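Descriptive structure summary
So the chains spell out like this:
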Amino acid sequence: MAVAQISSLDGFRSARRLAALLRGHDEIGSAVQVTRAALQRIAPFDHLAAWDEAVHDLFAANLGHAVVLGFLQLSEQWPAQRSTDDLIAIGRTASNIGRNGGSRVAHTLLAEMPKLLPRLAGAGELTAVLAALSHLAETGPESVGLAIGRLGQLLANAGGEDFAAWVSAGLRASGGRAARRRAYFALDDPLSARLFAVGRTGDDFARLEKRLAATTIALWNRKPRFRKLAIAPTPVPRRASLAAGLIGLPETFAGFEGEAADAIYLAAAAHAGAHLAHSTHRLPVGRLKALQIALVSLVEDARVEALALGEMPGLRRLWLPFHSTAPSGQATAAGLMMRLARALIDPDYQDPDAWVTKGRTLFADAAGRWTDPAISREIGGLLGNDIGQMRLQFNAKSYVVEPAYRDDNLALWDFGDQPDSPTETIELAVDSVRIERRDDPDGQSADDNAKPDETLRAKASAVTLLDGFPVATYPEWDYAARTERADWTTILEADAAVSAQPFDPSTDAEAMRWITELTRDASIGRRVRHKGQRDGDALDIDATIALTIERRAGSISEPRVYQRDAPGPRDLAILLLLDLSQSTADRDRRGRTVLDVERKAAAIMAAAVDAANDAIAVHGFSSDGRERVRYLRIKGFEEPMDAVVRSRLAGLGSSHSTRLGAALRHAGGYLAERRAFRKVLLVLTDGEPSDVDVPDPHYLVEDARRAAQQLRRRGTDIFAFGVGEHRFPQLDRIFGERYALRVPRIEVLPQRVMQLYAELKK
């Protein structure tokens, strides 16, 4: 009874306080009384006191009568079976969001709630959504309205915890930039939609990758290197891409599901294989117009397919179903090109257009020269001139290669280095090359409002490989949300630049001699078991049984009944991964930079391991946000430690940040392709992981730790050399105390290599 009296007293006081605040606002005051009476029938008095406080805060926040009335309307309609704690939490959240994002956003939240509540029935789901929205309102107030307006769409695919994780990921991904936040929470960023599984149909590439690899080997006797194409917001459909010997395929082909998806992936892989086999020379761009580039690429596609069909006629069943275009009365450049593509592969196709007929005739007349790529440029140039005389419009920005299984044709072209070229920018929509863009201070790109290209000439100097080719995407572990973000980071890969003067580590000859002797003496490989020996460590059971049988049969033979284990041939592969972040430019007390020490260590170890006939590769990395993890190939496993590699070492520079987890995953992929008994990934770094878009100091540490653990589970030994005079407190966390070794100066390197080999022999 005492508790009920206290609760009643609290309710009475809160009601009086609210009534005093609403004095003179008769419309709201009357609505509060009606709603309060309705709530008294479903809620205890102590909850009514909290409800009064929620209404009081909404009104005191000066958000306008519409917001308060919206909360009262929600309260009147509140389901009796649901706790009023949730209603009070909504009111408090609306007040908080309104203070940060404005009254319109708060009103939108209250208006959306009746539709959302049935989808947030689970324990804690509503709490998670409200907490995420409050956090977003405080961190990115310009974006909270966008997220609320799409709550219904988002919650149709996932629950409240998933929504909270999605909000957290968006705030991290935006790197503090309002424009990127708006794109993410408006679902204009494809990555945002992908993370929340909006409209996703599954990862067809992952499902079919092994089958595609087997098909490519069977058709072309080539072991392919497939990569899932990096995410890129483009206005045109994604196409396959060839770059640096890699076959890039999209996660899904839009509009293709089930058996149709299987068919287009097989067709795309077969077409890519035809290019690898028959497109042996890159074509110089010169002063070709964008239309001529597209037409030459089309003829080259037809040429390699014709050669492939000459060897394997059955491939026609893979490719022909995707050539479904038909004659049309309205002639456009893109439409005629689709019709020509079909005419060059389908002998039964009839087209009345004179231009299509001319293209087919030129191609047929050149049949005796199909092995010569020059015919593609000849025929494409002639057909392009005809299109120009016909005054047909060609929009290079919106052009996309058809049919869908064909690649973007970027790998066919040699853009060269023509800084003085007067030609205009090539606008073909491809994602394998990053087109240079400059951002205005307000976050908008200067290219967004540019006028369409009138001359349609290709400008080679504008197409630049800023950081390398985007060759792979990798997940990233969010320790706070305890989830792995699929395809969160993008690797941009390139060969390291060559310096005019090679790097010479001869000043450290003593360290070189020590490490060379150590690597030669420390044989790492499979042990070989020798059976049927005169002496050994254990009995050879098979030989013992055979000898016993022989003796009982009356035969006398030499007793070779022992077995002995001995070291086998060396079988070790090491990948040195160098941290090239900006912090490696710091100098020690002797005036040497960390990068200098890394370079010397890499040169000494590579030369020593190479001299011992073990396989070693040297790569480097740095990052500029999750979409630009730069990965440089300095020395390949098959390359000798020669002047070229030393020149690449000399050309290394320090820049940007250290997204270690993504680099570990990519380096682990290189090691996974090696056939070796022992695979070792050795990281040379000067500090802790960090990046410009990650404010949480523990986030990238935990992701790198997870990447290291995953590599160890797959059979890769992973170690770290902490280079420099720092204490490296996070290296032990990432790699483990036994596997994180300190190299304060180059003279200590032999001791650390000795520790490394001692661990490998265990």
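Residues numbered from 1 in each chain as written. Predicted model: local features only at pLDDT ≥ 70, side-chain atom pairs only at ≥ 80, totals over all residues. Heavy atoms only, no water.

1. Looking at the side chain of Glu 598
Counted only if it meets this: Here a helix means four or more residues in a row that DSSP labels H or I, a strand means two or more in a row labelled E, and each is numbered from the N terminus. Whether a residue is buried, partly exposed or exposed follows from its accessible area with a 1.4 Å probe, protein chains only, as a fraction of its type maximum: under 20%, in between, or over 50%, in that order. In this tally, Lys and Arg are treated as positive and Asp and Glu as negative; His is ignored, and so are the chain termini. By definition here, a salt bridge exists when the distance from a side-chain nitrogen of Lys or Arg to a carboxyl oxygen of Asp or Glu is within 4 Å.
Along the chain, the position of Glu 598 falls in helix 22 (residues 594–611). The side chain of Glu 598 is buried and forms no salt bridge, while Arg 599, the nearest opposite charge, is found at 8.5 Å.

2. What about the nonpolar core?
Just so we agree on the cut-off: For our purposes a nonpolar core is just a set of buried Ala, Val, Leu, Ile, Met, Phe, Trp, Tyr and Cys residues, chained together by side-chain atoms within 4.5 Å.
Ranked by internal contacts, the top residues of the largest apolar core, which has 59 residues, are Trp 51, Ile 90, Met 113, Leu 133 and Phe 163. Listed in part, the 39 residues of the second largest apolar core include Ala 494, Val 645, Leu 684 and Phe 721.

3. Let's talk about the sheet that holds strand 3 (residues 246–249)
The pairing of strands in a sheet happens through backbone hydrogen bonds and is either parallel or antiparallel. What counts, and what does not: By this definition, two strands are paired if DSSP reports at least two bridges between them. Axis definition: a line fitted to C-alpha atoms, over the contacting stretch in the case of helices. Angles run 0 to 180 degrees between N-to-C directions. Residue contacts are defined here by distance: any two heavy atoms, one from each residue, within 4.5 Å place the two residues in contact.
Strand order in the open sheet formed by three strands is 1-3-2, with mixed pairing between adjacent strands. The strands lining the two open edges of the sheet, one partner per strand, are strand 1 (225–228) and strand 2 (241–243). Strand-to-strand twist of the sheet, defined as the mean angle between neighbouring strand axes without regard to direction, takes the value 30°. Contacts from helix 14 (residues 259–278) reach strand 1, strand 2 and strand 3, with the element oriented near 155° to strand 3.

4. Some thoughts on the packing of helix 15 (residues 290–311) against helix 17 (residues 333–343)
When two helices pack together, their arrangement is given by the angle between the helix axes and the distance between those axes. Note the threshold: Oblique is the label for any angle not under 35 degrees, not over 145, and not in the 65 to 115 range, which are roughly parallel, roughly antiparallel and roughly perpendicular in turn. By definition, any crossing whose near helix is turned counterclockwise from its far helix by less than a right angle is left-handed, and any crossing with a clockwise turn is right-handed. Throughout, the ten residues Ala, Val, Leu, Ile, Met, Phe, Trp, Tyr, Cys and Pro are labelled nonpolar, Asp, Glu, Lys and Arg are labelled charged, and all others, Gly among them, are labelled polar.
Interaxial distance between helix 15 and helix 17 falls to 11 Å at its minimum, and their mutual angle equals 15°. Considering their axes alone, helix 15 and helix 17 lie roughly parallel with respect to each other. Regarding helix 15 and helix 17, the two cross each other, and that crossing is right-handed. On the side of helix 15, the interface is formed by Leu 291, Ala 294, Leu 295 and Leu 298, while helix 17 contributes Met 337, Leu 340 and Ala 341. In terms of residue class, the contact of helix 15 with helix 17 is built from seven nonpolar, no polar and no charged.

5. A closer look at a nonpolar patch on the surface
Convention followed: Patch members must show over 30% relative accessible area and no salt bridge, and they are joined within 9 Å when carrying like charges or within 5 Å when they are nonpolar side chains of Val, Leu, Ile, Met, Phe, Trp or Tyr. For the accessible areas, the method is Shrake-Rupley and the probe is 1.4 Å, while residue cover comes only from the protein chains on display.
On the surface, Leu 539, Ile 541, Ile 545, Ile 549 and Tyr 562 cluster together into a nonpolar patch covering about 480 Å² of accessible area. Tracing the sequence through the fold places Ile 549 in helix 21 (residues 541–552).

6. Examining the pairing of strand 12 (residues 615–623)
Which entries qualify depends on this criterion: For crossovers, right-handed means that the path from the first strand over the helix to the second runs clockwise, given strands pointing away from the viewer.
In terms of residue burial, strand 12 counts as a mostly covered element, since nine of its nine residues are buried. Bridge analysis of strand 11 (residues 572–579) against strand 12 gives seven bridges, and the strand direction is parallel. Note that in strand 12 the partner of Ala 573 across the bridge is Ala 615. Following the chain from strand 11 across helix 22 to the adjacent parallel strand 12, one finds a crossover that is right-handed. Summarising the sheet, strand 12 and strand 13 (residues 629–635) pair through six bridges and their orientation is antiparallel. Within strand 13, the position partnered with His 619 by the bridge is Arg 633. Counted between consecutive antiparallel strands, the loop separating strand 12 from strand 13 contains five residues, among which Gly 625 sits at a positive phi close to 90°.

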